[in-house]
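Listed here are the chains, written in short residue letters.
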Amino acid sequence: TFFAATGSTITWLRADATTGTVIERHSFDIGVPVLMHDFAVSANYAVFFLTPAQLRLDYIMQGKPGVVWDETSLPHGVQIVLLDRRSHTLTWHEVGGSFANTHFYNAYEDSGRLVIDGHRITRLGTPADRLDTPPSAHSWFPPAIPYRWTVELATGTAREEMISGLAGEFPKINDDYTGRRHRYGYFVTTRSVSPEVMSDGLAKHDYLRDTTVVVEGPGPLTSPSEPVFVSRANATGEDDGYLLSLWWNRETNLTELLIHDAADLIRRPLARV
């Protein structure tokens, strides 16, 4: 499944992965042109967040910043919009507050609840009242924090909670667990607001034990990319596999691929390419 966001119109699509043929689509209007670059999917729902982060194509045509933070666009705060993939019914769930989601790990249904894991940022974009004086990069995109949102499907109530408190981005899971309960989440850390790099470590969070392991790059390597999980042949567990990530070598100014053991994440990788 995938989606398109054009202005305030969201189109959810489902395709045959073997042929690439779109076999189902459904469009709906969310009222504001939210900058929506990620969504989550569970067994029965597609999950979208309405936040004050907007993509203003009209501003771009005027030579102004196009990614705009406008809290006045959502007077009641952030909402979670669920599209029932079976009936195409939409439901709206109030979370409140002013924040933006960045990327998701996963979503899954459990005992009448929809659990959504992702990263949460306090602001994203140029403030609507400062279009002529854009902020610095780290103010435009401050560090994001892992969060969990839970929707009670019977009552429609939604709540959120911070998970690790460790700043980071580009969350990933073992993709075999998409739409069902996962135990592990991987991401890159953004602990130091450095003018030179965005990320500074590779992390693994254990949702069962509520622990996070962080490793930094060997030697001069830093600024890792979004990790990719690759299952080991004949894997016996969720984290039985490898984490692949690209790192910047400060000394050579070249990129290196590191391969870590996902089940035993330590600083020394299994291989450097």
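Heads up: the structure comes first, above all this text.
So, a few notes on the structure that sits alongside this text. (Residues numbered from 1 in each chain as written. Predicted model: local features only at pLDDT ≥ 70, side-chain atom pairs only at ≥ 80, totals over all residues. Heavy atoms only, no water.)

## A closer look at unusual backbone geometry
Now for step 1: The backbone phi angle of H88 is positive, close to 65°, even though this residue is not glycine.
Now for step 2: On the secondary structure map, H88 appears in the loop between β8 (79-84) and β9 (90-94).
Now for step 3: Look at H88 and you get partly exposed, because its relative accessible area is 23%.
Now for step 4: The phi torsion at N253 lies on the positive side, around 60°, for a residue other than glycine.
Now for step 5: Looking at the secondary structure, you find N253 in the loop between β21 (241-249) and β22 (254-261). (Helix = DSSP H or I, 4+ residues; strand = E, 2+ residues; numbered from the N terminus. Buried < 20%, exposed > 50% of the residue type's maximum accessible area, 1.4 Å probe, protein only.)

## Considering the sheet that holds strand β16 (residues 184-189)
Now for step 1: Strand order in this open sheet of four strands is β15-β16-β17-β18, and the pairing throughout is antiparallel. At either margin of the open sheet sits one strand with a lone partner, and together these are β15 (168-172) and β18 (211-215). Taken over all neighbouring pairs, the strand axes of this sheet differ in orientation by 25° on average, direction set aside.
Now for step 2: With three bridges connecting them, β15 and β16 associate as antiparallel partners. Its bridge partner being in β16, K172 is matched across the sheet by Y186. (Pairing = 2+ DSSP bridges. Axes fitted to C-alpha atoms, helices over the stretch in contact; angles between N-to-C directions.)

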